[in-house]
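Here are the chains, one letter per residue:
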Amino acid sequence: MKRLLVLVGVCVVLASPAAVAGGKVDCNLRFDLKGWSVLYKTASGAGQITCDNGQKLDVTVSAKGGGLTVGKQEIRGGTGDFSGVSDIKETLGSYAAAEAHVGAAKSGTAQVMMKGNTELKLAGSGKGWDVGIAFGKFTIEAKK
């Protein structure tokens, strides 16, 4: 009888919609980023992605683009929230970005970016100075 109850419990879990569909997981990014811009914007850093299903991944992050922008900035303790993923590997890649920014002494950023059906909401603050409009990409890669 005990074996039958265990078997029924396993079948219920395996037949659940989340298990059948692969389910969506919540993943978060914590990162530090440092960079500069004079018409061309470049920044790089490192971070870690953690998901509510227990997955963790150390990553490198970079931002590149062009536009009417000038300045330098450093972001410590930036955060990102992913939606539309079922596995941590889906968070990797390049996200389309567009931003307007202005800052002096304390610099900050808040952006929503897309990569296919995956959305990334970034937020961070730090120090530096910057002003302008930049278009480009934000790339997340697994740390080697």
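Residues numbered from 1 in each chain as written. Predicted model: local features only at pLDDT ≥ 70, side-chain atom pairs only at ≥ 80, totals over all residues. Heavy atoms only, no water.

## Observations regarding the pattern of salt bridges
Counted only if it meets this: Here, a salt bridge means any side-chain nitrogen of Lys or Arg that lies within 4 Å of a carboxyl oxygen of Asp or Glu. The way it works is that DSSP assigns letters per residue, a run of H or I at least four long becomes a helix, a run of E at least two long becomes a strand, and they are numbered from the N terminus. Burial classes follow relative accessibility: with a 1.4 Å probe on protein chains only, a residue under 20% of its type's maximum area counts as buried, one over 50% as exposed, and anything between as partly exposed.
With the rule as written, the count across this model stands at three salt bridges. As a salt-bridge pair, Asp32 and Arg76 come within 3.4 Å of each other at their nearest N and O atoms. In this pair, Asp32 is assigned in strand S1 (residues 25–51) and Arg76 in strand S2 (residues 56–85), connecting sequence segments 44 residues apart. Owing to a relative accessible area of 54%, Arg76 belongs among the exposed residues under this scheme. Residue Glu119 pairs with Lys121 through a salt bridge whose shortest N-O separation is 3.7 Å. On the accessibility criterion, Glu119 (21% relative accessible area) is partly exposed. Given a relative accessible area of 44%, Lys121 falls into the partly exposed group. Residues joined in a network through salt bridges with shared partners are Asp32, Glu74 and Arg76.

## Considering the confidence of the model for the protein
Convention followed: pLDDT is a per-residue confidence score from the predictor, ranging from 0 to 100. Whether two residues touch is decided by their heavy atoms; if any such pair falls within 4.5 Å, the residues are in contact.
When pLDDT is averaged along the protein, the result is 75, and 65% of the positions lie at 70 or above. Across the protein, the element-wise mean pLDDT spans from 35 in helix H1 (residues 2–15) up to 89 in S1. Under a pLDDT of 50 for its full length, residues 1–21 has, in the predicted model, five contacts with residues more than four places off or in other chains.

## Considering the environment of Asp81
Turning to its location among the elements, Asp81 is positioned in strand S2. For Asp81, a relative accessible area of 40% translates into the label partly exposed. Along the sequence, Asp81 and Leu120 sit 39 residues apart, while their C-alpha atoms lie 5.6 Å from each other. Ignoring anything within four residues of it in the chain, the contact list for Asp81 reads Cys27, Asn28, Glu119, Leu120 and Lys121.

## Structural notes on the state of the cysteines
Formally, a disulfide is one covalent bond, and it connects the sulfur atom of one cysteine to the sulfur atom of another. Put simply, the test is: Disulfide assignment relies on a single distance test, namely cysteine sulfur atoms paired within 2.5 Å.
Applying the stated criterion to the full structure yields one disulfide. A sulfur-sulfur separation of 2.0 Å characterises the disulfide bridge that pairs Cys27 with Cys51. Looking down the S-S bond of the Cys27 and Cys51 bridge, the torsion is 100 degrees, so its handedness is right-handed. Take Cys27: its relative accessible area is 1%, and that puts it in the buried class. Given the relative accessible area of 9%, Cys51 is considered buried.

## Let's talk about the nonpolar core
The line we're drawing: Side-chain atoms within 4.5 Å are what join buried Ala, Val, Leu, Ile, Met, Phe, Trp, Tyr and Cys residues into a set we call a nonpolar core.
If you look at the biggest cluster of nonpolar residues, it comprises 22 residues, and the most contacted ones within it are Leu29, Ile49, Val61, Phe82, Leu120, Phe138 and Ile140. Mapped onto this core, the elements with two or more residues apiece are S1, S2, strand S3 (93–115) and strand S4 (118–142). Looking at which element gives the most residues to this core, the answer is S1, with eight residues. What Phe138 contacts, discounting residues up to four positions off in sequence, is Leu29, Leu33, Val61, Ser62, Ala63, Gly93, Ser94, Tyr95, Met113, Leu120 and Leu122.

## Topic: the side chain of Thr91
Residue placement: Thr91 occurs in the loop between S2 and S3. Thr91 has contacts with Cys27, Ile49, Phe82, Val85, Lys115 and Ile140, leaving out every residue within four places of it along the chain.

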